[in-house]
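Per-entry structural report
Residues per chain, in single letters:
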Amino acid sequence: MKSQYFAGVDIGSTMTKVVIMNQAIVASVIGPTGPEHRKLANRVMEEALAKAKLSFDDITYVVATGYGRINVPFADKQITEISCHARGVSYLLPEARTVIDIGGQDSKAIKLSNGRAVDFVMNDKCAAGTGRFLEVTAEGLGVKLDDMGRLSLAAKNKVEIGSTCTVFAAQEVVAELSAGMPLPDIIAGLHEAIATRIYGMARRLKIEREVALTGGGAKNIGLVKALEVKLGYPVLVPPEPLLTGAIGAALLGKDIVKKAAESGISLPRSERRLREATLFG
Amino acid sequence: MTQEKKPEKKPEKRRTATEAASRIGAMSKAMIASVLQAKEEGKPIAYTFICCCYDEIIRAMDIVPHWVENYAGICGAKRDAQRFLERAGAENFSRSLCTYALCGLGFDAWREELGEMPPNPPWGGQVRPNMMLGSGQILCDPRNKWYQAAQHYVPDVPVYEIGLPWPPYEYDYDYRQVQDYYVKYIVEQLRGLVEFLEKQTGRKMDWDRLSELVDLTDRTWNLIWETYELRRAVPSPMGTGDAMNTMVPIVFMMATQQAYDFFRELNDELRRKIANKEGEIPDEKYRLIWGGGLPSWFALTDFNYFNSKGAVFPVETTYRMVEAIYNFDIDLTKVTDPLEHIAWRWVKYWTYWYDKARKRPGSHPDVERLIQYIEDYKIDGIVMHEAFSCRTWHVGLIWQLNLLKKVYKNMPSLILESDIVDVSSYNEADTRARIDAFIDTLEAVKSKGR
């Protein structure tokens, strides 16, 4: 029997992620979303297909998720990122009971049971508590976003950031820099500020161990450590925390196909043609 | 000028499940028109707030109420509030204040500056009143200041402010020990209001008519309670979306035959629907409670979106501002003095869930109410709305939810975040993405139990 492949496409506010799976991950690609790239999810998909040495016809089922999931015309189904993160994390880290996902423009906490999301809380109203907070403040400090985590590890006396608003925090860090505070201490203070916000949100759920951290925020070692301090124990981080949603999407596609086959149902599928995703069509 | 802009996009109308709810728009419009007409005829008009105990009193004295919160809600529902909010902002009111108040104050400021209604006012506009009747109760502090602020624009319009307290909840204390003091205080407050109204209008209170209206209100409360209890049926014939319409006769038309007749007809309609097994939607999958928070008046179609996912709301706490009078622990029919009767009804309403809460250590009356509804209405999940500008009604919702989850550990919950009037706080795509995710969790929990 021909091997079946499943694709998960996760269009986040900052990054677009594609994963192709059969029994395991065959290929994955991460590319920026951005205003122009939003229209071009198919390019990331093409890249993933090329990496996997597959054609689009080889893909049995495509599930789109994330912020831009409704704008993927070649997807067979759209599933919320909450469900996809839950499925992806349960696959990668079966011991996890809570997921904290720190994305570019939102953050969320998800309670897991048997691989499914059974409750969640989310912040998509305020940039503080999301990756955007670090993006804005990194710019103010003249530091690359990717370097923030590493730099913060050298902190001796972290600075307390009083502003809970991203815009004012950006001003505050510039003032701290002008006052001669060491960069690592300021960045560590920023990590603590964002960790406090995220922890406050996540506590709306009853946080149960083990806690998995996903999204771009999980790639920042300083933020991971700040959250561990808040929680009082270590967190789990998957090998590539940006991919959990796309992995979950591919797995849910696989589940759907399996269930349909068991029930003898033929699934509707989109045309196997890569087209530009549009915001309006 | 931006303030003169009309709303660019006409808001989509929410589809109602009941015929009765579909008539509310016309009823509300007629209510506003009747105030405009009364103004032309020189009748006394009062700015009024909902749930202030004075419905029967103003009706008995033929004072025409203009419900300022209602008018702000109408502006919000028509997505035409922004220009009034901006006007209030230009008057230096903070944007983080109650947006009902800001909308009303912005309208007043503009109307008084022009000496006429602002251009194209929704449904004819908010008239200049003859008096303003206020009460913050003990839960809504903006209402204590609203009319004081309005007097900047209508300095010649008198304000009468009454206090309407009720005994606070204490787990180790029976409020009945102090309830008489509260009733006595409220009666004095209402008596003062009657004197004020007599002085303003030059009319004397017709106490017999007041007693008749008190009796009508009791009967209406009972009928509303009995009507809403019909929604326990599976499938449920009416949801919270419709209840956000049928709140109009509850809070803006109380002590009128129109309100009673409306609920008589709704009651009949729901009974017919139940007999025909006709639910709010054809395939009811998830039964939800609207567990707190005022709605986003500009986004009521979100209730239709829930419906499209198989979710219905058989019950809500918001605007269900009545209990069955015959369920109170005193026989109100024996309280013949109308002001005393109103005061007892008030105290008994607000303390109704106290005894239940005291039986469950660590609980709270608001949580007990949720528990009772969850049981009675066979609820699968809870939805709350945090409106950023309405702190007094919305602070504490998360705390209530946390207490509730000690009882229902696996009940999915959804917190929506927006506002009552300010459409700039709302993002339809994000809201619906949250609803989608919530539906996923409901399905996950339901399938786990199967």
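Conventions we followed
- Residues numbered from 1 in each chain as written.
- Chains lettered and ligands numbered in written order.
- Predicted model: local features only at pLDDT ≥ 70, side-chain atom pairs only at ≥ 80, totals over all residues.
- Domains from an automatic or database assignment.
- Contact = placed C-beta atoms within 7 Å.
- Nonpolar A, V, L, I, M, F, W, Y, C, P; charged D, E, K, R; others polar.
- Helix = DSSP H or I, 4+ residues; strand = E, 2+ residues; numbered from the N terminus.
- Pairing = 2+ DSSP bridges.
- Axes fitted to C-alpha atoms, helices over the stretch in contact; angles between N-to-C directions.
- pLDDT = per-residue confidence, 0-100.
- Buried ≥ 20, exposed ≤ 12 C-beta atoms within 10 Å, placed from the backbone.
- Arc of directions from axis to C-beta.

So, the domain arrangement of chain A
Residues and elements named next belong to chain A. Annotation of chain A at the domain level lists domain 1 (5-84 + 243-263) and domain 2 (96-231). Summarising the inter-unit geometry, the C-alpha centres of domain 1 and domain 2 are found 27 Å apart. Taken together, the contact between domain 1 and domain 2 spans six residues of the former and 10 residues of the latter. Of the residues contributing to the side of domain 1 that touches domain 2, the split by class is one nonpolar, five polar and no charged.

Here we look at the interface of chain A and chain B
Opposite the 16 residues of chain A that make contact, chain B presents 17 residues. Looking at the side of chain A that touches chain B, the elements with two or more residues in it are α3 (81-92) and β8 (116-123) of chain A. For the side of chain A that touches chain B, the leading source of residues is β8(A), giving seven residues. Tallied by class, the residues present in the side of chain A that touches chain B amount to six nonpolar, four polar and six charged.

Points about the sheet that holds strand β1 (residues 5-11) of chain A
Residue and element names in this part refer to chain A. Reading across from one edge, β3-β2-β1-β4-β5 is the order of the five strands in this open sheet, with mixed pairing throughout. In this open sheet, the two strands that pair with only one neighbour each are β3 (25-32) and β5 (77-78). Sheet topology note: the β1/strand β4 (residues 59-65) ladder contains six bridges and is parallel. Looking at the pairing, F6 lines up with Y61 of β4. Of the strands in this sheet, β1, β2 (15-21) and β3 touch helix α2 (residues 41-52), which is tilted by about 150° from β3.

Topic: the confidence of the model for chain B
Mean pLDDT for chain B: 94, with 97% of residues reaching 70 or above. Overall fold confidence (pTM) sits at 0.86, and the ipTM for the predicted complex is 0.75.

Notes on helix α12 (residues 301-308) of chain B
All names here are of chain B. By the burial criterion, the buried members of α12 are D302, F303, F306 and N307. In a view along the axis of α12, the buried residues occupy a sector of 155°, so they form one face of it. Two residues or fewer past α12, G310 is found with a positive phi of approximately 90°.

A closer look at the pairing of β3(A)
All names here are of chain A. Pairing analysis gives seven bridges linking β2 to β3, with the strands arranged antiparallel. Looking at β3, one finds that M21 is bridged to I25. Hairpin connection between β2 and β3: a loop of three residues separates the two successive antiparallel strands.

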